[in-house]
Amino acid sequence: MENDIGTKGILERLNAGEIVIGDGGFVLALEKRGYVKAGPWTPEATVTHPEAVRQLHREFLRAGANVMQAFTFYASDDKLENRGQALKITGAQINEAACDLAREVAKEGDALVAGGVAQTPSYLSCKSETEVKAIFKKQLDVFVKKNVDFLIAEYFEHVEEAGWAVQVLKTSGKPVAASLCIGPEGDMHGVSPAECAIRLVKAGAQIVGVNCHFDPLTCVKAVKMMKEGVEKAGLKAHYMVQPLAYHTPDCNCQGFIDLPEFPFALEPRILTRWDMHQYAREAYNAGIHYIGGCCGYEPYHIRAVSEELAPERGFLPAASEKHGLWGAGLEMHTKPWVRAR
């Protein structure tokens, strides 16, 4: 199905073997820029500072991203209330503004708009399946109204709640992706990545994978386990990965949020653009065709992913006009010892 501007849909692209490049982590990127508060991590900037959100979308688009993910992370009313969001902006207002900004920028290139829901405080406080699903439904109503191209249930630590989200999102008739914030050890109840993926596919997700909490190669390993499980079960799916841009070799099953440096001193762990080339190649070689980023990703990281996969995609991103491949721009440096590199 094509969207309202004639761009090929997410499943059409993946079914054709195309690579889809996601964007980066808006929450941490906008926190660093002064538009998101660390701790609550809520996205009211879509209403209060739309120009900041629009510009970041634009930079990721220019870096080669095919997906403009609406900045709706943690914009459920229970989360906004739970985290003391004092501006009295509703989840619906935030999500509508987020969809409008994502669509505005997506139209500037060959990009799709995704609407996302994430885990809820209500699930952790043992609210019923009916109550949790009602929260997702409220968010979904906005995404349907704004006619996003596909939906993502992302950043779930428990596959049970992610399955509930998928079931709700499926009622829209739009393509659904499901992404857990888990590593190779599985979810917080000890459900393996393989079993998690099987449950999500059976719930109706057409794309499954992992986002956040771990570094790229750890996330790729977890998605490989998902893929093996799905194939062994005789099921079919596409695969996605949107990891951290931080090295996390010392993390436990909870990921980077348990590190003492989280969230204000993570900079020494940031991956370089060369690390991103390795990540993009490893992900593609593993059969993952939706490749993006989460917390820590800046546009230059996504540009590196786009550049690594340019031979397969057939083109370089617009932002490569300001970046000589493999340091070629240094040939014009004034210092001869820098030129020699």
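Located above this text is the structure these notes cover.
Below you will find a few notes about this structure. The structure displayed is predicted, hence computed values, not measured ones.

Criteria and cut-off values
Starting afresh in each chain, residues are numbered from 1 along the sequence in its written order. Totals for whole chains, interfaces and linings use all residues, but because this is a predicted model, local features are given only for residues with pLDDT of at least 70 and pairs of side-chain atoms are given and counted only at 80 or more. To get the side-chain values, all heavy atoms of the structure are used, and hydrogens and water are removed first. We count a stretch as a helix when DSSP gives it H or I for four or more residues in a row; a strand needs E for two or more, and each element gets its number in order from the N terminus. An expected span of 1.5 Å times one less than the residue number is assigned to each helix. Think of it in three bands: with a 1.4 Å probe and only protein chains considered, a residue is buried below 20% of the maximum accessible area for its type, exposed above 50%, and partly exposed in between. Working definition: a ring pair exists when centres of Phe, Tyr or Trp rings (six-membered ring for Trp) sit within 6.5 Å. Plane angles under 30 degrees give stacked, over 60 give edge-to-face, the rest tilted. DSSP calls a pair of strands paired once it identifies at least 2 bridges connecting them. Whether two residues are in contact is decided by their heavy atoms: any pair within 4.5 Å suffices. Throughout, an axis means a line fitted to C-alpha atoms (over the contacting stretch in the case of helices), and angles, computed between N-to-C directions, take values from 0 to 180 degrees. Left-handed describes a crossing whose near helix is turned anticlockwise from the far helix through less than a right angle; right-handed describes the clockwise counterpart. Three categories are distinguished: nonpolar for Ala, Val, Leu, Ile, Met, Phe, Trp, Tyr, Cys and Pro, charged for Asp, Glu, Lys and Arg, and polar for the others, with Gly belonging to the last.

Points about helix H8 (residues 129-145)
For the α-helix, the turn length of 3.6 residues means that residues three or four positions removed from each other point alike.
Here's step 1: Along its 17 residues, H8 runs 24 Å from first to last C-alpha, staying within 8% of the 24 Å computed at 1.5 Å per residue.
Here's step 2: Along H8, the positions that sit buried rather than exposed are Val 132, Ile 135, Phe 136, Gln 139, Leu 140, Val 142 and Phe 143.

A closer look at the packing of aromatic side chains
Here's step 1: Inspection of every chain in the model, using the stated rule, returns 11 aromatic pairs.
Here's step 2: Taking the centre distance of 5.3 Å and the plane angle of 15 degrees together, the rings of Trp 274 and Trp 326 count as stacked. A residue pair is termed long-range when its members are at least 10 positions apart, and Trp 274 in helix H12 (residues 273-285) and Trp 326 in the loop between helix H14 (310-313) and helix H15 (336-339) qualify at 52 residues.
Here's step 3: Joined through ring pairs, the aromatic side chains of Trp 41, Tyr 246, Phe 256 and Phe 262 make up one cluster.

A word on the sheet that holds strand S2 (residues 67-69)
Here's step 1: Reading across the sheet, the eight strands line up as S1-S8-S7-S6-S5-S4-S3-S2 and stay open at both edges, with parallel pairing between neighbours. Each edge of the sheet is formed by a strand with only one pairing partner; in this case those strands are strand S1 (20-21) and S2.
Here's step 2: In this structure, S1 lies alongside strand S8 (residues 290-291), joined through two bridges in parallel fashion. Counted as the bridge partner of Val 20 is Tyr 290 from S8.
Here's step 3: Contacting strand S3 (112-117) and strand S4 (150-156), H8 runs over the sheet at an angle of about 165 degrees to S3.
Here's step 4: The sheet contacts of helix H9 (residues 159-170) involve S3, S4 and strand S5 (176-180), and relative to S4 the element is tilted by about 165 degrees.

Examining the packing of helix H4 (residues 50-62) against helix H6 (residues 91-106)
Between two packed helices, both the angle of their axes relative to each other and the distance between the axes serve to describe the pair.
Here's step 1: Put simply, H4 and H6 touch, their axes get as near as 9 Å, and they point 40 degrees apart. In the packing of H4 onto H6, the handedness of the crossing is right-handed. When H4 is examined against H6, the residues Pro 50, Val 53, Arg 54, His 57, Arg 58 and Leu 61 are found in contact with a partner set consisting of Leu 101, Ala 102, Glu 104 and Val 105.
Here's step 2: Residues belonging to the contact of H4 with H6 are distributed by class as follows: six nonpolar, one polar and three charged.

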